[in-house]
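A structural walkthrough
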Amino acid sequence: MNYRQENMLLSYIYQEGAIPLRKARWGVISTAEIAQTQVIPAILRSENAELVGIASRDNKAKGVAEKFSIPNYYLSYEELLRDPEVEAVYIPLPNHLHSKWVKEAAKNGKHVLVEKPAALTTEETEDMIKVCKDNNVKFMEAFMYQFHPQHKRVQEIMKSGEIGEIKFIRAGFSFFLEDRKGNIRMNKEMGGGSIYDVGCYCIHAVRNILGSEPVTVEAFAEICPQTGIDLSAIVHMKMENGVNCVIDSGFDMSFRQEYEIVGTKGRIIVPHAYRPDVVSHDAVINIGDRSESIAGDQYKVQIEHFSKAIINNSEPSYSAENTLNNMRVIEACYKSIEEGKAVTLNKRLCEQSLTKN
């Protein structure tokens, strides 16, 4: 019996409840900072995942493997992908490399968790999703923030009617980028820019909290004259359900990571929406003159969720279609900036929305 057959048998036995949960076996492609500071520790904390290897194209993999007691290290990405012991890979490479290595991983039979944004264009995203489907591997974009329970609680409050009918949402994510020289966030060819880096969270949050897609997108940006990337951006989105949304992102403002939902009877403010782990307390939801505190380990939950999908052969809750829809909006933002006008994502829905309102 080979390793893959053994895993299939163990998965079946686990589903029948005969033995404790087995662990999905992970590899990491790259020694990126986000891998070392967040995702590798999350895999190590997880109950249904284990880290079996890490790869880099330089000599860093060995040191990281020793640091985290990872049993195997590889001097090339290809070597890791050929290892039958690795079931799933986490890919935190620069944005412009996501598409290539997602497809390479899929062709080697590895399930894929790839950092956001999954790709740089809708076409790239469609292509990588197709390759994953064709090779029968699971695919998920690593928007870890959505696995924090605070957002489910926000939706519960919205549905309760406490703040009335939702009329407006504002979302922002910014920080001041100190060391810009040589930083990949400042490199247009590598997928740099504030919308790709942090604005994507705001777009994702608005779409998923509302359960609605934009029909028109209009974006404005401050473009870096040296690099051509968007240092900051402001985007207006008119949603299918008629709600107006404004998001902003930036590398030239103080650290903010928030969203606000305004209804006819009140509002909800989430001040630590995307990285509550960087503050010294639990996530907080402010509803009028009261507040709720909610604990969560979003990176760990993300790893455990994807690992469970692998073990049980189920689909991740965050679908490839959702990833594709988010990329369509990101692409529309950049098109609007380039053309200096609003972009219509769905003409029929846009006309219905304008007629209704």
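Note that this is a predicted model, so its numbers are computed, not measured.

**Things to note about the overall build of the protein**
From N to C terminus, the protein includes 11 helices and 15 strands. Taken over the C-alpha trace, the protein has a radius of gyration of 21 Å; the compact-globule value for 357 residues is 21 Å, and the two agree within 12%. A principal-axis box enclosing the C-alpha atoms of the protein has dimensions of 65 × 50 × 45 Å. Expressed as a percentage of its 357 residues, the buried residues of the protein come to 55%. Expressed as a percentage of contacts within the protein between residues at least 6 apart in sequence, the contacts between residues at least 24 apart total 68%. If you sum the accessible surface of the protein, you get close to 16,300 Å²; carbon and sulfur atoms cover 48% of it. Placing the 42 positive and 48 negative side-chain charges of the protein at their respective mean positions leaves the two points 2 Å apart.

**Description of the sheet that holds strand β9 (residues 230-239)**
Strand order across the open sheet formed by nine strands is β14-β13-β12-β11-β7-β10-β9-β8-β15, with mixed pairing between neighbours. The sheet is open, and its two edges are formed by β14 (290-294) and β15 (343-344), each paired on a single side. Sheet analysis places β9 next to strand β10 (residues 244-250), joined by seven bridges and oriented antiparallel. Paired with I234 across the two strands is D248, which belongs to β10. Lying over the sheet, helix α7 (residues 149-160) contacts β7 (166-176), β11 (252-263), β12 (267-270), β13 (283-287) and β14, oriented at roughly 15° with respect to β13. With respect to the sheet, helix α8 (residues 194-210) is in contact with β7, β8 (214-223), β9, β10 and β11, its orientation differing from that of β10 by roughly 155°.

**Some points on the nonpolar core**
Core analysis: the biggest nonpolar cluster contains 83 residues, and W26, Y259, I261, I268 and Y274 have the highest contact counts within it. The element best represented in this core is α8, accounting for 11 residues. When sequence neighbours within four positions are dropped, the list of residues in contact with I268 reads V154, I157, M158, I163, Y259, E260, I261, I285, N286 and I287. If you look at the next biggest cluster of nonpolar residues, it comprises 27 residues, including V89, L93, W101 and V112.

**Observations regarding the environment of F175**
As for its position among the elements, F175 is in strand β7. Taking the C-alpha atoms as reference, F175 lies 6.6 Å from R256; in sequence the two are 81 residues apart. Ignoring sequence-local partners within four residues, the contact set of F175 consists of R185, D197, V198, G250, F251, D252, M253, S254 and F255.

**Side note on helix α3 (residues 60-68)**
Of all the residues in α3, the buried ones are A61, V64, A65 and F68. Projected onto a plane normal to the axis of α3, the buried residues spread over an arc of 105° and lie on a single side. In α3, those exposed residues whose orientation departs by more than 90 degrees from the buried face are E66 and K67. Remark: S69 follows α3 within two positions and exhibits a positive phi of approximately 55°.

**Structural notes on the side chain of E260**
Mapped onto the fold, E260 is located in strand β11. When its relative accessible area of 8% is taken as the criterion, E260 is described as buried. Within the local environment of E260, its side chain forms a polar contact with the side chain of R267, the two groups lying 2.5 Å apart.

Quick notes on the rules
Residues numbered from 1 in each chain as written. Predicted model: local features only at pLDDT ≥ 70, side-chain atom pairs only at ≥ 80, totals over all residues. Heavy atoms only, no water. Helix = DSSP H or I, 4+ residues; strand = E, 2+ residues; numbered from the N terminus. Rg over C-alpha atoms; globule rule 2.2 N^0.38 Å. Buried < 20%, exposed > 50% of the residue type's maximum accessible area, 1.4 Å probe, protein only. Contact = heavy atoms within 4.5 Å. Areas by Shrake-Rupley, 256 points an atom, 1.4 Å probe, with all protein chains shown as cover. Lys, Arg positive; Asp, Glu negative; His and termini not counted. Charge placed at Lys NZ, Arg CZ, Asp CG, Glu CD. Pairing = 2+ DSSP bridges. Axes fitted to C-alpha atoms, helices over the stretch in contact; angles between N-to-C directions. Core = buried A, V, L, I, M, F, W, Y, C linked by side-chain atoms within 4.5 Å. Arc of directions from axis to C-beta. Polar contact = N/O pair within 3.5 Å; in protein donor to acceptor, adjacent residues only side chain to side chain.

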